[in-house]
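So the chains spell out like this:
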Amino acid sequence: MDISKLFAIIIGSIFINNFILAKFLGTCPFMGVSKKISSSIGMGMAVTFVMTIASSITWIVYNYILLPFNLKYLQIIAFILIIASLVQFVEMVIQKTSPNLYKALGVFLPLITTNCAVLGVAILNIQEGYNFIETTVNGFAGAVGFSIALIILAGIRERLEYSEIPKSFQGVAIVFITAGLLAMAFMGFSGMKI
Amino acid sequence: MSGKYYKEFIKGVFKENPTFVLLLGLCPTLGVTSSAINGVAMGLATLIVLIVSNVLVSMIRRFIPDKIRIPAYVMLIATLVTVVDMVMHAYVYEIYKVLGLFIPLIVVNCIILGRAEAFAAKNGVVASFFDGLGIGTGFTISLTVLGMVREILGAGKLFGINFMEILVGADKWQPALIMILPPGAFITLGFLMAGINYIKEKKHKEVK
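Given the structure is predicted, the values throughout are model-derived calculations rather than measurements. (Residues numbered from 1 in each chain as written. Chains lettered and ligands numbered in written order. Predicted model: local features only at pLDDT ≥ 70, side-chain atom pairs only at ≥ 80, totals over all residues. Heavy atoms only, no water.)

## Notes on the pattern of salt bridges
Residues and elements named next belong to chain B.
- Under the counting rule described, the total for this entry stands at five salt bridges over all chains.
- With its nearest N and O atoms 3.7 Å apart, the salt bridge here joins Glu16 to Arg115. Here Arg115 lies in helix α6 (residues 110-120) and Glu16 lies in the loop between α1 (2-13) and α2 (26-31), a separation of 99 residues in the sequence.
- Relative accessible area serves as the criterion here: at 10%, Arg115 is assigned to the buried category.
- Note that Arg69 and Asp66 form a salt bridge whose closest N and O atoms lie 3.8 Å from each other. (Salt bridge = Lys/Arg side-chain N within 4 Å of Asp/Glu carboxyl O. Helix = DSSP H or I, 4+ residues; strand = E, 2+ residues; numbered from the N terminus. Buried < 20%, exposed > 50% of the residue type's maximum accessible area, 1.4 Å probe, protein only.)

Have a look at this one:
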């Protein structure tokens, strides 16, 4: 296994091609659950959990079921089914095994099904032709990048509550501009060569 | 009778505009609007899926048991998106390449599932058709406007025509590249929303 390639995937997915700020995957929860740091940490953990597992399962299903039986055109349907049932399953398992974690993640889990980052990473992994380990690592790193951006934005938004904002910019408008500035900061990573 | 359908249509464009009012489907809104033509293409692809899914959901709403309705809708939408994906791959390959990942991601666009659940599951076929048409048109218009602003500021073009150079001369015009890069998407949408808020406030004051 080539460690340097894995390292490149990790840095690339977290910083250079950040899922939210460079690829625009998962913008809905980015705007929706970034009001408080505590809830954004919960969402980040839930997404990391689901995205890592979803990446590996969709890879297995694609390469061992869809490809051999020549069912490539069922990709979208199969993936969304896998993700939806996976989210349900994860919710049940967490509820039974760790009530505390369930309390922390509970509300966010159903939301993940419609998070485009999860389906997006599954399709991207197939398009890039990653092998199993690279797929899992990419899913995990992408989710970590997602969480980092989410938590940073939540931190800024908590401060924004106390600052004076022109009336027309109040609400979501200023959040979008903040996200734009954040994206600009993350663009600084784009020149990085690994 | 036709007045009612007109109302369903027009509400989607303004009062319940999916992008600027409901804040739904943000990923494609931000992701593909680096030029006006991409915005139009993405909007139309979503519009078609939305209309067909609204009509079909409305048709089968009496046969689907209440408990499994969400998975059923998701399956239906995923099938439609697969069809759109294949058709675009076959006939408009250039646009298909640019929109790329965002075409399969129409499945998880909350607008479509949202309309199926909130409108089509409770209303007749014709009303659902107009609801889909209205919301889809609103989405297309928002995407096109966003794409136009970004293309003019970021590349000095409009629908691929070198519009700013003709207007002010090539030597005086320097496009701001940042507007067609990812940060530009967030910033443009933020300013457009602030503009809409400003107009709303002004109208509100006039009414008072």
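## Side note on the interface of chain A and chain B
- Taken together, the 36 residues of chain A in the interface contact 37 residues of chain B.
- With both sides pooled, the region where chain A packs onto chain B buries about 3100 Å², and carbon together with sulfur makes up 86% of that total.
- Of all residues in chain A, Phe24, Ile76 and Phe176 of chain A bury the most surface against chain B, accounting for 23% of the area lost on that side.
- Run the count over chain A and chain B and you get zero salt bridges.
- Of all the secondary structure elements, the ones that give two or more residues to the side of chain A that touches chain B are α2 (27-32), α4 (75-97), α7 (116-128) and α9 (172-187) of chain A.
- Tallied by class, residues from the side of chain A that touches chain B come to 26 nonpolar, eight polar and two charged. (Contact = heavy atoms within 4.5 Å. Buried area = accessible area lost by both parts, 1.4 Å probe. Nonpolar A, V, L, I, M, F, W, Y, C, P; charged D, E, K, R; others polar.)

## Some thoughts on the packing of helix α3 (residues 37-66) of chain A against helix α8 (residues 132-160) of chain A
All names here are of chain A.
- In the contact formed by α3 and α8, the axes pass within 8 Å of each other and the chain directions differ by 165°. With respect to α8, the axis of α3 lies roughly antiparallel. For α3 against α8, the interelement crossing comes out right-handed.
- Of the residues in the contact of α3 with α8, the class split is 14 nonpolar, twelve polar and one charged. (Axes fitted to C-alpha atoms, helices over the stretch in contact; angles between N-to-C directions. Parallel < 35°, antiparallel > 145°, perpendicular 65-115°, else oblique. Left-handed = near helix turned anticlockwise from the far one by under 90°.)

On their own, these measurements won't tell you what the molecule is for.
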